[in-house]
Amino acid sequence: MAKRKKKAKGLSFIKRSMVVLLAFAGTILLLGHSVEQERSEREAEFNDRQSFIDAVATYAVPLQETHGIKPSIAIAQAIVESNWGKSGLSVRENNYFGIKGSASEPSYATLEYDEEWIEIRASFRTYSSMEESVTDYANLLAGGTDWNPNLYQPVIEAEDYKEAAHALKSAGYATDPSYPEKLIDIVEQYSLYEYDN
């Protein structure tokens, strides 16, 4: 009788060991799959982001010659203002630069900074394409506003993308206090300065 119990215990130990071994192997397999999936998602995101950069660059690169605007800044602004082309404003209105419009145009909730972040509703311009959005953006920077045609002249006259980013903030293009740093980070992270001549 004692021998049978010993044999049963031996089989039980082997079964438990197999279960543990299979669980361990399954965990390793899942971790490997998870890491591979994460890598694939990162690569897809990079490809999506590079595709967006390429699309904006198609229209932004000529701006240096036609309007004196650094392509790196134009691309960085399109990225920041449209969240890589995924914001409702860019998807529905082809507005990649957050350019506000008249009261008759569509309105969206937006965050503005005035001592603290507040949400407001504002009207934004609508465009038929990314190209039209980029052209209007270029005309705004080159021609300023009705009340100040030279408002963005320091952006155009800037020596480099860093100076241009700070000039945009000084001119009031955005209320975000960290707007210049966001643009500079994007330019440097994605080597957008390579588009500047």
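Residues numbered from 1 in each chain as written. Predicted model: local features only at pLDDT ≥ 70, side-chain atom pairs only at ≥ 80, totals over all residues. Heavy atoms only, no water.

Undergrad: Even after reading the chapter, I still don't get the environment of G68, so can you show me in this structure?
TA: Tracing the sequence through the fold places G68 in the loop between α2 (63–66) and α3 (71–82). In this structure, the C-alpha to C-alpha distance between G68 and Q153, residues 85 residues apart in sequence, is 9.6 Å. Look past the residues within four positions of G68 in its chain and what remains in contact with it is L63 and I156. (Helix = DSSP H or I, 4+ residues; strand = E, 2+ residues; numbered from the N terminus. Contact = heavy atoms within 4.5 Å.)

Undergrad: Would you mind going over the pairing of strand β2 (residues 117–123) with me for this structure?
TA: Consecutive side chains along a regular strand alternate between the two faces of the sheet. Bridge analysis of strand β1 (residues 107–113) against β2 gives seven bridges, and the strand direction is antiparallel. Bridging across to β2, A109 finds its partner in R121. In this antiparallel pair of consecutive strands, β1 and β2, the connection spans three residues, and E115 shows a positive phi of 75°. (Pairing = 2+ DSSP bridges.)

Undergrad: Explain the side chain of S90 here, please?
TA: Within the secondary structure layout, S90 lies in helix α4 (residues 88–93). A polar contact is formed between the side chain of S90 and the backbone oxygen of G85, at a distance of 3.4 Å. Only 3.0 Å separates the side chain of S90 from the side chain of S87, close enough to count as a polar contact. Residues within four places of S90 in sequence aside, it is in contact with S82, G85, N95 and Y96. (Polar contact = N/O pair within 3.5 Å; in protein donor to acceptor, adjacent residues only side chain to side chain.)

Undergrad: Just to check I follow, could you spell out the layout of surface pockets for this structure?
TA: Counted as a void, the largest pocket has a volume near 950 Å³. Along the walls of the largest pocket sit 33 residues, with E81, G98, K100, F124 and Y173 positioned nearest its centre. For the lining of the largest pocket, the secondary structure elements donating two or more residues are α3, β1 and α8 (179–189). Counting residues per element, the lining of the largest pocket draws most heavily on β1, which supplies five residues. Of the residues that constitute the lining of the largest pocket, the class distribution is 17 nonpolar, nine polar and seven charged. (1 Å grid on protein atoms, 1.4 Å probe; cavity = no way out; pocket = protein on both sides within 12 Å on 5 of 7 lines; lining within 4 Å. Points joined across faces, edges and corners; volume = space filled by probe spheres on them. Nonpolar A, V, L, I, M, F, W, Y, C, P; charged D, E, K, R; others polar.)

Undergrad: What am I meant to see in the packing of aromatic side chains here?
TA: Aromatic ring pairs are described here by two measures, namely the spacing of the ring centres and the angle between the planes. The final tally for this structure, using the stated rule, is nine aromatic pairs. For the ring pair Y152 and Y173, a centre distance of 5.9 Å and an interplane angle of 65° mean the geometry is edge-to-face. Placement of the pair is Y152 in the loop between α5 (130–143) and α6 (153–157) and Y173 in the loop between α7 (161–171) and α8, with a sequence separation of 21 residues. Taken individually, Y152 and Y173 each receive the classification buried, so the pair is uniform in this respect. With a centroid separation of 6.2 Å and 25° between ring planes, the pair formed by Y161 and Y193 is classed as stacked. In this pair, Y161 sits in helix α7 while Y193 sits in the segment after α8, placing the two residues 32 residues apart along the sequence. A connected cluster of aromatic rings, assembled from ring pairs, spans F52, W84, Y96 and Y190. (Phe/Tyr/Trp six-rings, centres within 6.5 Å; stacked < 30°, edge-to-face > 60°. Buried < 20%, exposed > 50% of the residue type's maximum accessible area, 1.4 Å probe, protein only.)

Undergrad: Just to check I follow, could you spell out α5 for this structure?
TA: Residues separated by three or four positions in an α-helix point in the same direction, a consequence of the helix having 3.6 residues per turn. Here α5 spans 20 Å end to end across 14 residues, near enough to the 20 Å set by a 1.5 Å rise per residue. Those residues of α5 that sit buried are M130, S133, V134, D136, Y137, A138, L140 and L141. Following α5 by one or two positions, G144 has its phi on the positive side, about 65°. (Expected span 1.5 Å × (residues − 1).)

Honestly, it's all geometry; don't read function into it.
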